Each structure stands twice: as C-alpha cells, then as structure tokens.
Amino acid sequence: MHDVNDVEHWLSSPKRDEIFKEVAFDMVTFVHPTEPNKVGLSANIPDLDKFFEINNGPVGQAAMKHDGVRADTIVVMLEA
C-alpha cells in the first residue's frame, strides 16, 4: 500500500509490468475506497530479495517517480 500523486496515472502506467515482469506474477491493483490517493498492489513474488533489489534500485526508483509514487508511504505486507 502507498500514496500516489494521481491514481488514474498510476493505474494506467505500464511501468509495473515492465520492471517486475520477471519477478512478480498475477499483479492486481487496488484503490482505497475513501482515501483518493491511496493504492495497493498484490502479487505473487517467488524471490522477494530480487523484487526489493529491483524496487530499491535505480530502475525501480525511476519507475516510482514516473508513476507518482510517494515512496515514503510504502507499506509492504506478506501473506501470513
């Protein structure tokens, strides 16, 4: 879950698929029903270390900037 500057831009962006296509599968996007700039993403991620390597690296940072992700609001949850 995280905040974005523009939900419609974030939803329509191809960046998620472009950078995570090798490490994240079955991605589903979510929009908070009462907080207009809060979104979420669910995915199957077999190699969490590789996912974080991409997400926290220059490619992931550029994608977040392009998508208007407010990086300081990111909350990661794992299936229990």
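Quick note: structure is the one above.
Remember, it's a predicted structure, so these values are computed and weren't measured experimentally.

Quick notes on the rules
- Residues numbered from 1 in each chain as written.
- Predicted model: local features only at pLDDT ≥ 70, side-chain atom pairs only at ≥ 80, totals over all residues.
- Heavy atoms only, no water.
- Pairing = 2+ DSSP bridges.
- Helix = DSSP H or I, 4+ residues; strand = E, 2+ residues; numbered from the N terminus.
- Salt bridge = Lys/Arg side-chain N within 4 Å of Asp/Glu carboxyl O.
- Buried < 20%, exposed > 50% of the residue type's maximum accessible area, 1.4 Å probe, protein only.

(A) Region of interest: the sheet that holds strand 3 (residues 38-44). On the basis of which strands lie adjacent, the open sheet formed by four strands has the order 2-3-1-4 and antiparallel pairing. Every other strand in the sheet has two partners, leaving strand 2 (25-31) and strand 4 (69-70) as the edge strands with one partner each. Sheet topology note: the strand 1 (residues 2-4)/strand 4 ladder contains two bridges and is antiparallel. When the sheet's bridge partners are listed, Val 4 is paired in strand 4 with Val 69.

(B) Local environment of the pattern of salt bridges. What the rule picks out here adds up to four salt bridges. As a salt-bridge pair, Glu 18 and Lys 15 come within 3.6 Å of each other at their nearest N and O atoms. Remark: Lys 15 and Glu 18 occur in helix 2 (residues 15-20); sequence separation between them is three residues, near one turn of the helix. For Lys 15, a relative accessible area of 24% gives the class partly exposed. Taken together, the shared-partner salt bridges connect Asp 3, Glu 35 and Lys 38 into one network.

Don't take any of this as a statement about function, it's just geometry.
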